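Residue-level structural notes
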Protein chains: 2
Amino acid sequence: MRYGVGVDLGGTAVKMGLFTSNGELIDNWSIPTDTSKGGENILIDIAKSVSVKLAVKGIDKKQVEGLGIGIPGAVSNGVVDKCINLGWGEVDVKKELGTLCGLEVFSGNDANVAALGEYEAGSGRFYHSIVLVTLGTGVGGGIIIDGNIISGHCGYGGEIGHITVNPGETESCNCGKCGCLEQYASATGIRNLALKYLEESDEDSTLRSLGDDVTTKDIFSEAKNNDKIALKAVDYSMNILGTTLSNICHVINPEAVIISGGVAKAGDFLIDKIKPSFDKGTVYIDGETKLCLATLGDKAGMYGAFYLIR
Amino acid sequence: MRYGVGVDLGGTAVKMGLFTSNGELIDNWSIPTDTSKGGENILIDIAKSVSVKLAVKGIDKKQVEGLGIGIPGAVSNGVVDKCINLGWGEVDVKKELGTLCGLEVFSGNDANVAALGEYEAGSGRFYHSIVLVTLGTGVGGGIIIDGNIISGHCGYGGEIGHITVNPGETESCNCGKCGCLEQYASATGIRNLALKYLEESDEDSTLRSLGDDVTTKDIFSEAKNNDKIALKAVDYSMNILGTTLSNICHVINPEAVIISGGVAKAGDFLIDKIKPSFDKGTVYIDGETKLCLATLGDKAGMYGAFYLIR
C-alpha cells in the first residue's frame, strides 16, 4: 500500500489528512498554528506531527509518495513571498519542509488547493472546469481547468474577492481598494450591510434584539423567516455575487461554479438567492454553467493538498 | 521545407496566410466571404483558393503540416454550432474543410485564435499568459495561458465584451442583456457616448460639425486635441474598460493585457487613458501586469490560425 499526506495550513490551525494513494482519507487530525517568533516553528511542528502519525500507523516514509500543503499566501515554485497570517517573510516551504520531514513536498495557495480538492473529490468531480468561491471572513477563490490550477503570473489567480464591484464605494476594503466583492459578499460584508440597514430604518427586525452580537448565521436564519432587514442584506449581497460570478463565466466559461465557506452553510437558500442575477448575467454565453454547493467542507484543503502530489 | 496555412474567416473577407513551418509568413491574400445560400460556398472557396496558391508556389500538399482556421463563433472539436455572420447552422469545419482541401484542419474561435497569434508572434511573445482585448464594432477577447487557449466549457472563454459593467443600464446590448462592456468600450459604444454627450450639453465641440458622420476615429482625434465632449466620452469609456480589465486580472492574473482592434489605432493615447483605472484596480494583486498594444494588426488571426497547427 502507498500513501500521501495533505496539509491545510491556516492561521489558527493546521489540518492534516493521511490518504491512501487512491485518494481515500484514512485519518485526519489538526494541530494549532504557532505564529509566535515569526512563525519559525510552524514547519517544524508539521514535520513532527506527520512523522509521529506515520510511526503510529506503522507506515514507512518510503511508502509515502509525498506531502502536499496549501498555504494562505501567494506561492511560486514552493516559495512563499510573504504571509502575514503566519508571521512569515520569504520561506522556501518546499525545501525546508522537505528536509524536515524527509518527504517530497508540493505546495500551492490555500484557496487554489481547496478548489483542487473540490474538483477531484468534492462536488466538482463531475466537471472539467470549475471556479470555487469561498465565502468566509473574506471572499476567496480558486480556478481549475482540466485538472490544472490557474495560479496566475504572480500567484493571484482566483483572487476574486478583490474584483471591483462598486467603483463608487467610499469605504475601504482590507486590501486598501474601495468597492471590492469581499466588502459585500463575505460573512463580514453581509453583517455590515445588515447593521447598516438596521441603523438606516425603523423596520421591525428580530436582528435588533441581538444588537452587536448579530452574526451572519443569524442574518441568513432570519432571512429564511422573511425578516425584511435580513432579506434586504442577503438579497443585495447575493445579487452582487451572482452578477460577479456571471462575469467570471465570461472570462473562463467554466462548467461549474461551486460555493463553499462558512456562508455556504445557508445551503440551497443561498443558491436560490445567487441564481437570479447569475442566470441573468450568463444568459448570452451559456445557461448550462452549474451553480452548486461544495461538499467537502473544511476538508477541501487537505484533499486538494493530497491531489497536489499527483 | 515544410509549410502551414493560417485562415482568418470573417463575415466580409477570408484572410489567408502561407507560412513556413518555423512561422515565417511568406505570402498572404484574401477572398470575399460568400454568405449567400446559408454560406454553403465558404469552405469550398477557401479550399480552392488554398489549393491554387499551393500549386502556384509549387508546394505539394504533402509538404503542408496542416491548415488552421479561426471562425467567428463558438467552436467545439472542429464543429461550429451556429454562426450568424456566415449564415451557418451546425457545420463540421474540421471534417468538411479537411475533405475539400486534403489537409489536416485545426479550428478555433476567431478572437481566441487572434489571441494565440499575438501570443506566439506579436506583442504577447514575451509573456507566458495574456488576455487579448479586441476593441472594434464589438468587444472581443481571448485568453492564452502557457500556450493554451482558454476556450471554456462551451467555447465562450474570453467573451469579455458581455461582462456586465453597469447593472443599472436600461438600453439593450446586441446580446439582449443590458449594461455589457461592449456597450461602452466598443467603437460603437464610444460613438454612442459622444453622441449622447453632444445632445445633453451645449458645450462647444468640433464633433458637432460632423453631425451623424462622426466616427470613433474622429472622437479619439478630437480627444487628443482636448475637445471636452470627445475627452468625456473617451475618459468614461476607458475608465470602465480599465476597471473591467483589472477585474479580469483578479480572475486569471495574466502577465500581460494586450489591446487590439480598430480602436487600438489610437495608440499610446489609448493606453494612457486605460491605465489609471487599470492600475487602481490591480494595485492589490500586482503592479506588474503589462498593459500594451497589439502589433500584428489584422494579421493576428492568420498567425494564430497557423499556430493552431502546433
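Residues numbered from 1 in each chain as written. Chains lettered and ligands numbered in written order. Predicted model: local features only at pLDDT ≥ 70, side-chain atom pairs only at ≥ 80, totals over all residues. Heavy atoms only, no water.

**Remarks on the interface of chain A and chain B**
On the chain B side, the residues contacting the 36 residues of chain A number 36 residues. Taken over both partners, the interface formed by chain A and chain B buries close to 2900 Å², and the fraction arising from carbon and sulfur atoms is 64%. The three residues of chain A that bury the most area against chain B are His153(A), Val251(A) and Tyr284(A), which together make up 24% of that side's buried surface. Linking chain A with chain B are 0 salt bridges. Where chain A touches chain B, the interface holds 20 residue pairs in polar contact (both at pLDDT 80 or more). Breaking the side of chain A that touches chain B down by element, the ones donating at least two residues are strand S10 (139-145), helix H7 (228-252) and helix H8 (268-282) of chain A. (Contact = heavy atoms within 4.5 Å. Buried area = accessible area lost by both parts, 1.4 Å probe. Salt bridge = Lys/Arg side-chain N within 4 Å of Asp/Glu carboxyl O. Polar contact = N/O pair within 3.5 Å; in protein donor to acceptor, adjacent residues only side chain to side chain. Helix = DSSP H or I, 4+ residues; strand = E, 2+ residues; numbered from the N terminus.)

**Notes on helix H6 (residues 216-224) of chain A**
Residue and element names in this part refer to chain A. For H6, the full list of buried residues reads Thr-216, Ile-219, Phe-220, Glu-222 and Ala-223. The buried residues of H6 all sit within an arc of 165° when viewed along its axis, so they share a single face. Buried residues belonging to H6 abut helix H5 (187-200), H7 and H8. Positioned one or two residues after H6, Asn-226 has a phi angle of 65°, which is positive. (Buried < 20%, exposed > 50% of the residue type's maximum accessible area, 1.4 Å probe, protein only. Arc of directions from axis to C-beta.)

**What to know about the sheet that holds strand S13 (residues 290-293) of chain B**
Residues and elements named next belong to chain B. In spatial order, the strands read S11-S10-S9-S12-S13; together these 5 strands make up an open sheet with mixed pairing. The sheet is open, and its two edges are formed by strand S11 (148-149) and S13, each paired on a single side. Note: strand S9 (residues 129-135) against strand S12 (residues 256-260), 5 bridges, orientation parallel. For Thr-134, the partnering residue across the bridge sits in S12 and is Ser-260. Along the sheet, helix H9 (residues 228-252) contacts S9, strand S10 (139-145), S12 and S13; its crossing angle with S9, the most-contacted strand, is approximately 150°. (Pairing = 2+ DSSP bridges. Axes fitted to C-alpha atoms, helices over the stretch in contact; angles between N-to-C directions.)

**Quick look at the packing of helix H4 (residues 110-121) of chain B against helix H11 (residues 300-308) of chain B**
All names here are of chain B. The geometry of H4 relative to H11 is characterised by a closest axis approach of 6 Å and an angle of 85° between their N-to-C directions. Here H4 lies roughly perpendicular to H11, going by the angle between them. Contacts from Val-113, Ala-114, Leu-116, Gly-117, Glu-118, Glu-120 and Ala-121 of H4 reach H11 at Ala-300, Gly-301, Tyr-303, Gly-304, Ala-305, Tyr-307 and Leu-308. When the residues that make up the contact of H4 with H11 are grouped by side-chain class, the tally is 9 nonpolar, 3 polar and 2 charged. (Parallel < 35°, antiparallel > 145°, perpendicular 65-115°, else oblique. Nonpolar A, V, L, I, M, F, W, Y, C, P; charged D, E, K, R; others polar.)

**Structural notes on the relation of the copies chain A and chain B**
Superposition of chain A onto chain B requires a rotation of 180° combined with a translation of 0.0 Å along the rotation axis, giving an RMSD of 0.0 Å. This pairing of chains is accounted for by a two-fold axis. A share of 100% of the interface residues of chain A reappears at the interface of chain B, consistent with the copies meeting face to face through the same patch. (Least-squares fit on C-alpha atoms with pLDDT ≥ 70 in both.)

**A look at the nonpolar core**
With 94 residues, the main nonpolar core has Leu245(A), Ile259(A), Leu270(A), Leu245(B), Ile259(B) and Leu270(B) as its most contacted residues. Those residues in contact with Leu245(A) that sit more than four places away from it in its chain are Val133(A), Ile160(A), Val257(A), Ile259(A), Ile274(A), Phe278(A) and Leu291(A). (Core = buried A, V, L, I, M, F, W, Y, C linked by side-chain atoms within 4.5 Å.)

**Focus: the sheet that holds strand S6 (residues 79-80) of chain A**
Read from one edge of the open sheet, 3 strands run S5-S6-S7 (chain A), paired in antiparallel fashion. The sheet terminates laterally at strand S5 (75-76) and strand S7 (91-92) of chain A, the two strands that pair on one side only.

**Section: the pattern of salt bridges**
All names here are of chain A. Under the criterion given, the structure shown has 14 salt bridges over all chains. Residue Asp-8 pairs with Lys-15 through a salt bridge whose shortest N-O separation is 4.0 Å. On the accessibility criterion, Asp-8 (15% relative accessible area) is buried.

**Comments concerning the environment of Asp202(A)**
Along the chain, Asp202(A) falls in the loop between H5 and H6. Sequence-wise, Asp202(A) and Thr244(A) are 42 residues apart; in three dimensions their C-alpha atoms are separated by 31 Å.

**Re the state of the cysteines**
Residues and elements named next belong to chain A. Counted by the stated rule, this structure contains 0 disulfides over all chains. Cysteine Cys-292 is unpaired, with the sulfur of Cys-249 as its nearest cysteine sulfur at 12 Å. Overall, the relative accessible area of 18% leaves Cys-292 in the buried class. (Disulfide = S-S within 2.5 Å.)

**A short note on the packing of aromatic side chains**
Centre distance and the angle of the planes are the two values used to describe a pair of aromatic rings. Overall, the coordinates contain 12 aromatic pairs over all chains when judged by the stated rule. In textbook terms, an aromatic cluster arises when at least three aromatic residues are bridged by ring pairs, as seen for Phe19(A), Tyr303(A), Phe306(A) and Tyr307(A). Across from the ring centre of Phe106(A), 5.0 Å away, lies the NZ or CZ of Lys94(A), which sits over that ring. Against the face of Trp29(B) rests Lys53(B), its NZ or CZ located 4.6 Å from the ring centre. (Phe/Tyr/Trp six-rings, centres within 6.5 Å; stacked < 30°, edge-to-face > 60°. Lys NZ or Arg CZ within 6 Å of the ring centre and 35° of its normal.)

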